[in-house]
Amino acid sequence: MNSKKFEVAAYPKMWEGLGMDVARFDKARQMLGEVYDKLFLSQTERPRKMAYFDAMIAEIFGGRIKEILAVKKSAKPVVGTFCVYIPEEIVVAAGGVCIGLCGGSPGSIPDAEKILPRNICPMVKSAYGFKAGRICPYFQVVDFVYGETTCDAKKKTWELLDRLVPTHVMEIPQMKRARDRALWLEEVKDFKAKVEDICGSEISEDNLAGAIRLINRKRLALQRLTKLRANIPAPISGKDALLIEQIAFYDEPERFAAKVNELCDELAERVEAGRGVAGPESPRIMVSGTPMALPNWKIHNLLESAGAVVVNEESCIGTRYFKDVIDENGGSMAEQLANLTDRYMRIDCSCFTPNDERVEQVLREYRQSKAQGILHYSLQFCHTYNIEEIKIREACEREAIPYLSIETDYSAEDTGQLQTRIEAFLEQIGD
Amino acid sequence: MAIGIDLGSRTIKLAVIRDGEIVDQQLTESGFDPYSQAREMLKRYGAAKIVATGYGRHLAHEHFADEVITEIKAHALGARYFFPFCRTVVDIGGQDSKVIGLDKKGRVSNFQMNDKCAAGTGRFLEIMAASLGFSLNDFGAAALKSKTEVMINSMCTVFAESEVISMKNRGIPTVDIARGVHHSVVNRLAAMLERLGYDEEIVFSGGVARNPCIGHMLQKCLGERARIISPPDPDLMGAIGAALHGSR
């Protein structure tokens, strides 16, 4: 198919300049290239416009880093985040770059386990390990990291991460009453002040309005992609769609939105022509639960290798990131910040109690995506998603929706068991 | 004629179905080269549709099987062959344990399966038996003799083994520890059953159903709410189910 083997480009000189462990990182780079080749480029009926996103992976450790370094040179802030609660509009308004940092690889976990306890969330360990092992260029270019209080493992890890890179923390409320919203608004204001402090200039109303419109465009492009996936047959694989949702966290937003829209144009043509990536007999699965950070493609790969097609991700790296946009009619700074806060308060993360709107949202997305079953995915030790799973399961039982719950981490050791469960789930839908 | 072959983690099982009747069956150790073992077992039959299940099902599919189905579906089909109205199947094999719910027509409606560790599986019992000096075949009978039971708290095979070792060193009789080991497996199974829900008739299949103590204790634990029943060769159920699928 492709005569030249896919490779993630190497920039050893630049990496050295960033203080990275180049020898080790280069191995990870090669492995990523091999896995990507096997999982993504081997797919049939792939949309042509995926070429841009392939290139984003090829340049993940090089070209994109160069672009970010250029922004940094002009004294603009580069902020690393781990959560969809951190308002990226504010960083963008200041002319800076907001990067969702990586935490989806088992490769960095041994680095983390030199310090952190073993029995905590693999995403938190992976992220910490990337910094501790100096094996993530994004971690090396950020001015500071903004953490949040969505879970205990993160909250306490920030204290340790701060020793390696300046780490600030936003307090996310755990309930959604008026006083919680007031607290969140104060936190947003603090965040804005911190960003302004780094650039040495204030964010204007116009700049914030522009940033809100830009990030809205990005979210709307992703919404459009999700709607197109609801067609039968699905015009794009779940793996490719998940990849795009992951790239949304590190690409330049203007270009990204344009490229997603170009892809959507192609997908719309496919839909028109009745073309898809999988036959109409392929079971359509919606995935719901904890985020799948780059390069975590484990569940999608198992599902699609077993003949299913994934049509929706109800997750932070998925619809939770883009289902809501900010009201663009705010004029004054106060109004804009209030609108921003309102939008962010609609995020239905399991860290909230109660959080019944998420159950409703899962059912809504199930219907909208025309899925035939829901796979709930929870990372090990993610107590909030793991416990909220019970309510999702009960709702699926009530609605007679085929349902499978999986709790796993990044390792490959349970692949056999997961494969059996996933295949049995697909048999159940097919029979 | 249809052949069902179940390539499990410990043993390979085979069943042949002709005109709805089981006409032949085999069971051997998986050994180091399950593929060659399976080939050897198939040698004596002529042309037939082959359906593979179990951990080695995809390997079999690459080489000789016409179709694959999961163990979950295979055990459901096998259970219905012997007990046409059953709605709940418990299967404990070498590497995992499952509770399977069936709808009225016998289709899988939901299931529970153990996580990646060996807790509550045949392998767990095997390691504990070895640690206590029993053969796997005698382990259940020995545990049945105990009147007093000790609690094994750990469900992790590795930790449970060190727990068992420390009990031995405190002078606790091995039959009592054996009883405790069985109890821990049954507790876990009962929790899985409660989670999934169960019918008054529970079909117990898989190699561990040959252990008399597990079935006895599970029955005691569930009391009058359910009746545990087993087919004559519980370890063959997956292979029989696969063969039935092939003969459809």
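Keep in mind that what you see is a predicted model, and the values were worked out from it rather than measured.

(A) Up close: the domain arrangement of chain B. Residue and element names in this part refer to chain B. Segmenting chain B into domains produces domain 1 (1-83 + 234-248) and domain 2 (86-230). Using C-alpha coordinates to define each centre, domain 1 is positioned 25 Å away from domain 2. Between domain 1 and domain 2, the residue contacts involve 16 residues of the former and 23 residues of the latter. The element contributing the most residues to the side of domain 1 that touches domain 2 is helix H3 (residues 71-82), with seven residues. Of the residues contributing to the side of domain 1 that touches domain 2, the split by class is seven nonpolar, five polar and four charged.

(B) Representation of the packing of helix H5 (residues 136-145) of chain B against helix H7 (residues 174-196) of chain B within the structure. All names here are of chain B. In contact at an axis separation of 7 Å, H5 and H7 are set at 110° when each is read in the N-to-C sense. Taken together, the axes of H5 and H7 lie roughly perpendicular to each other. The residues of H7 that touch H5, namely those facing Phe139, Ala142, Ala143 and Lys145, are Val175, Ala178, Arg179 and His182. The residue inventory of the contact of H5 with H7, partitioned by class, reads five nonpolar, one polar and two charged.

(C) Broad picture of the nonpolar core. Counting residues in hydrophobic clusters, the biggest one holds 199 residues, and the most contacted among them are Tyr138(A), Val260(A), Ile285(A), Leu375(A), Ile5(B), Ala52(B) and Ala243(B). Sort the elements by how many residues they give to this core and helix H11 (residues 205-229) of chain A lands first, with eight residues. Of the domains in this structure, domain 1 (1-83 + 234-248) and domain 2 (86-230) of chain B are the two that each give at least three residues to this core. Residue contacts for Ile5(B): discarding those within four places in its chain leaves Ile12(B), Leu14(B), Ala38(B), Ile50(B), Ala52(B), Ala60(B), Ala65(B), Ala239(B) and Ala242(B).

(D) Up close: the interface of chain B and chain A. Contact residues are listed per partner, giving 13 residues for chain B and twelve residues for chain A. In terms of residue class, the side of chain B that touches chain A is made up of six nonpolar, one polar and six charged.

(E) Helix H3 (residues 51-58) of chain A, seen in detail. Residue and element names in this part refer to chain A. Residues Phe53, Met56 and Ile57 constitute the buried set of H3. Around the axis of H3, the buried residues are gathered within 100° of arc, so they sit on the same side. On its buried face, H3 is in contact with helix H2 (22-41) and helix H12 (238-247).

(F) The sheet that holds strand E1 (residues 2-7) of chain B, seen in detail. Residue and element names in this part refer to chain B. Taken in spatial order, the five strands of this open sheet run E3-E2-E1-E4-E5, and their pairing is mixed. Unpaired on one side and paired on the other, strand E3 (21-29) and strand E5 (67-68) mark the two borders of the sheet. Both strand E4 (residues 49-53) and E5 contribute to a ladder of two bridges, which runs parallel. In the strand pairing of E5, alanine 52 is matched with valine 68. Its contacts with the sheet put helix H9 (residues 237-247) on E1, strand E2 (11-18), E3, E4 and E5, and the angle it makes with E1 is roughly 145°.

(G) Representation of the sheet that holds strand E7 (residues 373-379) of chain A. All names here are of chain A. The strand order across the open sheet built from four strands is E6-E5-E7-E8, with neighbouring strands paired in parallel fashion. The sheet is open, and its two edges are formed by strand E6 (309-314) and strand E8 (403-408), each paired on a single side. Pairwise comparison of adjacent strand axes, ignoring direction, gives a mean angle of 25° for this sheet. With six bridges connecting them, E7 and E8 associate as parallel partners. Bridge assignment links serine 378 to a residue of E8, and that residue is glutamate 407. Of the strands in this sheet, strand E5 (284-289), E6 and E7 are in contact with helix H17 (residues 356-368), which crosses E6 at around 150°.

Rules and cut-offs
Going along each chain's sequence as written, the residues are numbered from 1 onward. All chains are assigned letters beginning with A, and all ligands numbers beginning with 1, in the order in which they are written. Only residues with pLDDT of 70 or above have their local features reported here, since the model is predicted, and side-chain atom pairs are shown and tallied only from 80 upward, although totals for entire chains, interfaces and linings are computed over all residues. A domain assignment, automatic or from a database, supplies the domain bounds used here. C-beta atoms are first placed from the backbone for all residues, and any pair lying within 7 Å is then listed as a contact. Only DSSP runs of H or I reaching four residues or more are called helices, and only runs of E reaching two or more are called strands; each is numbered from the N terminus. Charged means Asp, Glu, Lys or Arg here, nonpolar means Ala, Val, Leu, Ile, Met, Phe, Trp, Tyr, Cys or Pro, and polar covers whatever is left, Gly included. Here the axes come from fitting lines to C-alpha atoms, over the contacting stretch only for helices, and the angles between their N-to-C directions go from 0 to 180 degrees. Reported orientations rely on four angle classes, namely roughly parallel under 35 degrees, roughly antiparallel over 145, roughly perpendicular from 65 to 115, and oblique for the rest. Nonpolar cores are built from buried Ala, Val, Leu, Ile, Met, Phe, Trp, Tyr and Cys residues. These are joined into a set through C-beta atoms within 7 Å. Labels follow a simple rule on C-beta atoms placed from the backbone: if 20 or more others lie within 10 Å of a residue's own, it is buried; if 12 or fewer, it is exposed; otherwise it is partly exposed. Taken from the helix axis, the directions to the C-beta atoms give the arc we talk about. Here, any two strands with at least 2 DSSP bridges between them count as paired.

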